[in-house]
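Structural description and commentary
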Amino acid sequence: MASAVWGSAPWWGPPPPAPARPLTDIDFCSGAQLQELTQLIQELGVQESWSDGPRPGADLLRAKDFVFSLLGLVHRRDPRFPPQAELLLLRGGIREGSLDLGHAPLGPYARGPHYDAGFTLLVPVFSLDGTGPELQMDQESCHAWLRLPEPVQGTSAREAWRDCLGPPVPCGSDLIQQTQREGISREEQSPAGQPHGHVLEPDPHMCSGKSPSEPARPEWPQQDVTDLGSPAPRKDQGTDVSEAPTESPVPRPPASREAWPTLCPAQVAAWFFATLAAVAHSLAPVPGAPRLVHAARHAGFTTVLLATPGPPRRLLLFDLIPVVSVTGWPVGARSHSWAGPLAPESAAFYLVPGGSTKEQGASCWQLCFARQELALKARVPAPLLQAHAAAQALLRPLVAGTRSAAPYLLRTLLYWACERLPALYLARPENAGACCLGLLDELGRVLEAGALPHYFLGDRKLCAGDSSAGLLGALAQLRGDPARALRAAVEEAKVARKGGGLAGVGGGGH
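Numbering of residues begins from 1 in every chain and follows the order in which that chain's sequence is written. The predicted origin of the model limits local features to residues at a pLDDT of at least 70 and limits the giving and counting of side-chain atom pairs to 80 or more, whereas totals for whole chains, interfaces and linings rest on all residues. The side-chain figures draw on all heavy atoms in the structure; neither hydrogens nor water molecules are used.

1. As for the packing of aromatic side chains
Stacked, tilted and edge-to-face are the three classes assigned to paired rings of Phe, Tyr and Trp, where Trp is represented by its six-membered ring and a pair needs centres within 6.5 Å; plane angles under 30 degrees give stacked, over 60 edge-to-face, the rest tilted. According to the stated counting rule, one finds nine aromatic pairs in the structure shown. Pairing Tyr 415 with Tyr 455 gives two aromatic rings, centres 5.6 Å apart and planes at 55°, and the pair type is tilted. Taken together, the residues span a long stretch of sequence, with Tyr 415 in helix 7 (residues 406-420) and Tyr 455 in the loop between strand 21 (451-453) and strand 22 (461-463) at a distance of 40 residues. Among the aromatic residues, those joined into a cluster by ring pairs are Trp 329, Phe 349, Phe 369, Tyr 415, Trp 416, Tyr 455 and Phe 456. When the ring centre of Trp 161 is taken as reference, the NZ or CZ atom of Arg 80 above it lies at 4.9 Å. The criterion is that NZ of a Lys, or CZ of an Arg, lies within 6 Å of the ring centre and within 35 degrees of the ring normal, and then a charge sits over that ring. Over the ring of Tyr 455 we find Arg 334, and its NZ or CZ is 4.2 Å from the ring centre. Numbering of helices and strands runs from the N terminus, with a helix taken as a DSSP run of H or I at least four residues long and a strand as a DSSP run of E at least two residues long.

Right, dumping it as structure tokens:
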């Protein structure tokens, strides 16, 4: 029987060879193959558990309860601290781009040498709604002033916060009222109603404070916050606490609106740290509880390092930021994004301590849209998130110990990429390598330009800072061989994972 023939070959033979693939997946700048970069990014994701998301373990749960117990006792010591504060826990510390605090000193901490994993906790110490004090914002920047009128809900805010008052808003500042007076009611969650599960997600999420069992009592040698050096090496876990300077109260100001005093973020941060340190002194030791081994105030926030009991012992970094929670939406802020509306009926944002210019004065707060970033990151395609995480891992050693704003600029570029590029392109796993290189290239252009448009306040800019020139050189060197840098990051992640890094969150090197 004659056999069927397909062309010149019998049908049962091997298929003809595929045509040669054109060399279109080569990075022009470095010559690296995009397919190899994508594979390295995916491997790095596996090693740092990005693919399946972090699985909170007992160490992380105990550390969270330790911090929440301190905050619960802060209220007992000073009633100005709200008893039922709605907290926002973010994965990653400030040095990893969790928030934009301007160019304030962040301390000499580096993931790996000093801690395994970092977190940011926004702690509202003051809340505003449509009937609260006036919020004044500078039209030329992302800063705002919080002016305290005489009566606030039947009490005197000036009297209650007299040790945290700043001077009135500088004269001649071009200000507009920013808070929408919608009278939106906010329902605060009870601390007891917050479950222990779901402590940390791939993105930030809301969690309410509560008071678990008493944590262990640290030992507190005295140091001056202005003379803070490097944190203790990982093998030296003796307690290290840097005290905040004492601020003198500001005299009672006149009653005219123009002369209303402002709530000073620097003094609020000093009060928060001093009260937290005093509370920690009074705690009784509990076997098996985390131990506070380092605490210091840097600019407007407090950094604590907690040692878990183990084994294996891990060091967790928490950046605690006293913030003002504002109900409403700033006038002129973006209301829609590629992911949908940004300002629903229950919209709210934060005021955080941030770097301010000499002209603006020391009483400036900085607008923060962490809630909205939570919603945005949940809509970012997974391959782009992996590309951003890889770019962040490559950037981390370049900015360690500096005041560079590059990590948060990189995060903002993530949102702009979603606005600019097709969702189908960003969602294809094979494009992760190209996306990672694109983010690094965009960051280089931003550093060269010195500014990046604010994602939420489009008519304002995020400043790259004075360290841009030095970072540009290091970034160009990294960009010349991204495959080598990614291989090094993968090997570091493997070593950290085998050596007892934080399981399910991504450990740093020991």
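Past the structure itself, the notes keep going.
2. A short note on the packing of helix 6 (residues 382-399) against helix 9 (residues 432-449)
Contact geometry of helix 6 with helix 9 gives a least axis separation of 8 Å together with a crossing angle of 50°. In terms of orientation, helix 6 lies oblique with respect to helix 9. In the crossing of helix 6 with helix 9, the sense of the turn from one axis to the other is right-handed. Facing Pro 383, Leu 384, Ala 387, His 388, Ala 390, Ala 391, Leu 394 and Leu 395 of helix 6, the residues of helix 9 in contact are Ala 432, Cys 435, Cys 436, Leu 439, Leu 440 and Leu 443. Residues of the contact of helix 6 with helix 9, tallied by class, amount to 13 nonpolar, one polar and no charged. Lines fitted to the C-alpha atoms define the axes, with helices restricted to the stretch that makes contact. Angles between their N-to-C directions range from 0 to 180 degrees. Orientation labels follow simple angle bins: below 35 degrees gives roughly parallel, above 145 gives roughly antiparallel, 65 to 115 gives roughly perpendicular, and whatever is left gives oblique. Whether a crossing is left-handed or right-handed is set by the direction in which the near helix is turned from the far one by less than a right angle, anticlockwise for left-handed and clockwise for right-handed. In what follows, residue pairs with any heavy atoms lying within 4.5 Å of each other are defined as contacts. Each residue is assigned to one of three groups, with Ala, Val, Leu, Ile, Met, Phe, Trp, Tyr, Cys and Pro labelled nonpolar, Asp, Glu, Lys and Arg labelled charged, and all others, Gly among them, labelled polar.

3. Looking at empty space enclosed by the protein
Using protein atoms alone on a 1 Å grid, points that fit a 1.4 Å probe yet trap it form a cavity, whereas open point sets bounded by protein on both sides within 12 Å along at least five of seven lines form a pocket; residues with an atom within 4 Å of a point count as lining. Grid points are joined across faces, edges and corners, and a volume is the space filled by probe spheres set on the points. Evaluated as defined, the whole model comprises seven cavities of 30 Å³ or more. Every residue lining the largest cavity is counted, 13 residues in all, and those nearest its centre are Arg 95, Tyr 109, Arg 396, Val 399 and Ala 400. Its residues assigned to classes, the lining of the largest cavity comprises six nonpolar, three polar and four charged. Of the pockets and cavities examined, the second largest cavity occupies roughly 110 Å³.

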